[in-house]
Amino acid sequence: MRASMIIMAKDLRQHLRNSGLIVFAVALPLGLAFIFNLVLGDAGERFTARYAVADQDGGELARQFTEQTLRPLERDGVISLRTIGSPDEGDRLVENREIEAAFVIPAGFTADVEAGRPATLRVIGNVDSAIAVQVAREIGAAYAADKRGVALAVAAAGQAGDPAAGPSPEATGGPGAAGQPDPAAALAERAAALPAPVGVTEDSSAATRELDSRTYYAAGMAFFFLFFSLLFTVTGILDERAGGTLPRLLAAPIRPPAILLGKLASGVLIGVASMAVLVVASTLLLGASWGDPLGVAALIVAGVLAATGIMSVVAVYARTSEQASNWQSAIAMVLGVLGGALFPVAQLGGLAEISYLTPHRWFLSGLAELAGGGSVDAVLLPVTVLLCFALAGAGIALLRAGRLVRS
């Protein structure tokens, strides 16, 4: 054990003087996380959009759309809403990117709807704000569907002779005759006031068990480049073998597994330190939220051990440092892509299940559990699986340690 500690301390001093290791372990993952977050935006933040409404109708239904459909969304912070005087003003604001979309309620809108004639609610959208424009379309479509539902209810009630509809227009001398209210209008008003028969709510516990994009990119990049930073540990072993250092170590009373253990231990410490730096830096600079510190620490240690175990297998089978570097790069890239470190695994379609064969998926899944308010108990399964990766890889490497140092 003492020999392993001495070898580990020597390798640590060498690694800390290696500027390339600093770049791969800290600079690249943090920089790419910042760029991805800047370019792709924060999918975890609540949706907000800037809209405007031009009411050229002034009727009751136009007022309902503005006050009962759009204003509640504004009060909830989903949209910001401004009132404009004309479609031309809406075009200008959209063109200048002051808003994402403008609703235009044309003159005669209320009269057309009440008379059963086709009515159009226009949406002027910014071509560069596809999501906000689509949401605006859906808001308009939902309002139109609601009014269509009311119209169908009135029609169905009239055909069925619903007593709630009151006497027929003929019996009262026609709509509004003798100062009496229009039964159809009264029924429409009652139908519009009824609550929706079916509501949809979101399971808050499931919704929060998801990483916001700042944390996702920071964690994904950190774990992805962890494998590349371990390149220096593996290639260092092979370089020392080629340079004759390892044979001189074997001349001393040191067993091959102790040599390999000391060298891999230095990589583990470097990996844990780099991940810790990235957690702190991404929290302060990017606003990432990693969750319970103890849970994060357990995932980081288990993840670094898993990565070290996998990369150590490369070391015992590669013949040269160049070959090990090529193999490691390929393995790191494939595991990163399949594990969801570069983009969500849902985009892999049918290959998404394969991601469970990678440590990346388990590391990110554990962080997602912590994002849902979990603690160390919530990451027991991901940590256990990561440690299994570590034990399997380290076991193979230690069994072949003699071949590594003597080849």
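See above for the structure.
Residues numbered from 1 in each chain as written. Predicted model: local features only at pLDDT ≥ 70, side-chain atom pairs only at ≥ 80, totals over all residues. Heavy atoms only, no water.

Colleague: I'd like a rundown of the sheet that holds strand β4 (residues 122-125), residues and numbers included.
Modeller: Read from one edge to the other, the open sheet built from four strands follows the order β2-β1-β3-β4, with strand pairing classed as mixed. Unpaired on one side and paired on the other, β2 (79-84) and β4 mark the two borders of the sheet. Each strand axis lies, on average, 25 degrees off the axis of its neighbour in the sheet, ignoring direction. Packed on one face of the sheet, helix α4 (residues 87-95) meets β1 (49-55), β2, β3 (101-105) and β4 and runs near 30 degrees to β4. (Pairing = 2+ DSSP bridges. Helix = DSSP H or I, 4+ residues; strand = E, 2+ residues; numbered from the N terminus. Axes fitted to C-alpha atoms, helices over the stretch in contact; angles between N-to-C directions. Contact = heavy atoms within 4.5 Å.)

Colleague: Account for the pairing of β1, naming residues and giving values.
Modeller: On a regular strand, each side chain points to the face opposite its neighbour's, so the side chains alternate between the two faces of the sheet. In terms of burial, β1 is largely enclosed, as five of its seven residues are buried. The pairing of β1 with β2 spans six bridges and is parallel. Each bridged residue has a counterpart across the sheet, and for Ala49 the counterpart in β2 is Ile79. Handedness of the β1-helix α3 (residues 60-75)-β2 crossover: right-handed. Where β1 and β3 come together, five bridges link them in parallel fashion. By the bridge assignment for β3, Val53 is matched with Phe103. (Buried < 20%, exposed > 50% of the residue type's maximum accessible area, 1.4 Å probe, protein only. Right-handed = clockwise from strand over helix to strand, strands pointing away.)

Colleague: Would you mind going over the pattern of salt bridges in detail, with residue names and values included?
Modeller: The tally for this structure, following the rule as stated, stands at six salt bridges. For Arg63, the salt bridge identified is with Glu60, shortest N-O distance 2.6 Å. Taken together, the residues span about one helical turn, with Arg63 and Glu60 both in helix α3 at a distance of three residues. On the accessibility criterion, Glu60 (39% relative accessible area) is partly exposed. Across the pair Arg117 and Asp112 runs a salt bridge, and its minimum N-O distance is 2.9 Å. Given the relative accessible area of 45%, Arg117 is considered partly exposed. Bridged by salt links that share partners, the residues Glu67, Arg71 and Glu74 form one connected network. (Salt bridge = Lys/Arg side-chain N within 4 Å of Asp/Glu carboxyl O.)

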